[in-house]
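Below, each chain spelled out in residue letters.
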Amino acid sequence: MSEAPDYAFPHSAENEARRLELLEQRLDPLTKRRIERLGVSRGARCLEIGGGRGSITRWLSDVVGPSGRVIATDLQLGFLSEIDAPNVEVRRHDIRADPFPLSSFDLIHTRAVLMHISPSVDLLRRIVTWLAPSGWLVLEEPDFGMWIGDADPVWAASPPTTQAAFPSLALSQGRSLLRQVHELGLTDVGADAEIDIIQAGTDLAEFYRLSQAALALPKVQAGALTLEQATAITDRPGDDDFLSCGFVHIGVWGQRPATESREAASDVR
């Protein structure tokens with residue numbers, strides 16, 4: 001946990017591998033569809049920020065082939081270290097403090113990372129400088145807006161109490177990207193979204209239940225909930241009558257211009 005103090009889910013936790021597997025199952029098709037439409041091809045240089053369990057890193061490794069390269073970063077490297085591919089480099093890296101050389105990548109992707117650090121536009125602009133001319137930035141973040149507004153009062157209590165336990169958590173990071181992406185000097189900007197509708201007995205319900213189980217103790221320790229209340233939220237996705245909103249998964253993308261003025265480039269360094 002000390003390796004990633006802003007993150008609610010330590011990789012060493014008992015059920016974290018399963019929780020991340022379920023998250024990949026839900027989000028990988030969406031991520032792949034977004035990246036595939038950009039035309040990333042063999043030989044590309046890719047940066048995967050917050051690689052997690054490594055499914056997208058492995059996929060990008062296949063997409064770019066032996067002549068390409070994928071650098072996968074995280075603050076917790078246990079799962080990524082298991083990747084055995086000659087064109088993949090795993091690196092512990094904190095985007096808030098650690099650099100990369102300018103113009104190093106043809107694709108930079110991150111998913112469900114920025115919500116934990118509430119990034120400024122200046123930080124996102126610095127990440128853009130790591131893109132090569134004509135390189136693509138793809139940012140994917142959950143948004144809690146529909147979940148907060150859910151009609152089930154027990155379930156709707158989860159996001160604000162999670163933020164109470166983890167104050168750096170941005171409940172509206174997905175929506176924020178829709179504004180921030182236009183402030184990064186990118187062209188061909190686009191966005192789309194999908195919402196989670198959670199039904200009891202599904203893999204998605206299991207993901208949310210495991211997530212709430214991991215959050216229960218931190219919420220109680222922060223004084224945001226009693227143990228009884230935290231247990232009620234954790235158990236709610238398993239109830240037969242449960243049918244509720246979860247995250248809205250918002251993705252944005254844009255391309256660094258093939259040419260830009262020297263003044264514009266220096267402004268974001």
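Sequence order as written defines the numbering, with residues in each chain counted from 1. The predicted origin of the model limits local features to residues at a pLDDT of at least 70 and limits the giving and counting of side-chain atom pairs to 80 or more, whereas totals for whole chains, interfaces and linings rest on all residues. Side-chain metrics rest on all non-hydrogen atoms present in the structure, leaving aside hydrogens and water.

Trainee: For this particular structure, what's the right way to read the pattern of salt bridges?
Mentor: Should their charged atoms come close, side chains of opposite charge can pair. The salt bridge criterion pairs a side-chain nitrogen of Lys or Arg with a carboxyl oxygen of Asp or Glu, the two atoms within 4 Å. Under the criterion given, the structure shown has 21 salt bridges. A salt bridge links Arg26 to Asp196; its shortest N-O distance comes to 2.6 Å. Of this pair, Arg26 sits in helix H1 (residues 16-36) while Asp196 is found in strand S6 (residues 187-199), placing the two residues 170 residues apart along the sequence. Across the pair, exposure class does not vary: Arg26 and Asp196 are buried alike. Via salt bridges that share partners, Arg26, Arg33, Glu194 and Asp196 belong to a single interconnected network. Only DSSP runs of H or I reaching four residues or more are called helices, and only runs of E reaching two or more are called strands; each is numbered from the N terminus. Only protein chains enter the accessibility calculation, which uses a 1.4 Å probe; a residue is then buried when its area is under 20% of its type maximum, exposed when over 50%, and partly exposed in between.

Trainee: Where do I start with unusual backbone geometry in this structure?
Mentor: Leaving glycine out, the prevailing phi sign among residues is negative, and the prevailing peptide bond configuration is trans. Within the chain, Ser118 stands out as a residue other than glycine whose phi angle is a positive 45 degrees. Within the element layout of this structure, Ser118 appears in the loop between strand S4 (105-111) and helix H3 (121-128). Owing to a relative accessible area of 38%, Ser118 belongs among the partly exposed residues under this scheme. With phi around 50 degrees, Asp188 is a residue other than glycine that occupies positive phi space. Mapped onto the fold, Asp188 is located in strand S6.

Trainee: Before we go on, may I ask you to explain the side chain of Glu24 in this structure?
Mentor: Assignment of secondary structure puts Glu24 in helix H1. Polar contacts, as counted here, are pairs of nitrogen or oxygen atoms within 3.5 Å of one another; within protein the pair requires one atom able to donate a hydrogen and one able to accept it, and residues that are adjacent in sequence qualify only if both atoms are side-chain atoms. Of the polar contacts made by the side chain of Glu24, one reaches the side chain of Ser55; its length is 3.2 Å.

Trainee: Would you explain the packing of helix H8 (residues 203-221) against helix H9 (residues 227-235) in this entry?
Mentor: Any two packed helices are characterised by how steeply their axes cross, that is the angle between the axes, and by the distance between the axes. Lines fitted to the C-alpha atoms define the axes, with helices restricted to the stretch that makes contact. Angles between their N-to-C directions range from 0 to 180 degrees. In contact at an axis separation of 8 Å, H8 and H9 are set at 170 degrees when each is read in the N-to-C sense. Compared by their axis directions, H8 and H9 come out roughly antiparallel. When H8 is examined against H9, the residues Arg209, Gln212, Ala213, Ala216 and Val220 are found in contact with a partner set consisting of Leu227, Ala230, Ile233 and Thr234. Under this scheme an angle from 65 to 115 degrees is roughly perpendicular, one under 35 degrees roughly parallel, and one over 145 degrees roughly antiparallel; angles in between are oblique. Any two residues whose heavy atoms approach within 4.5 Å are treated as being in contact.

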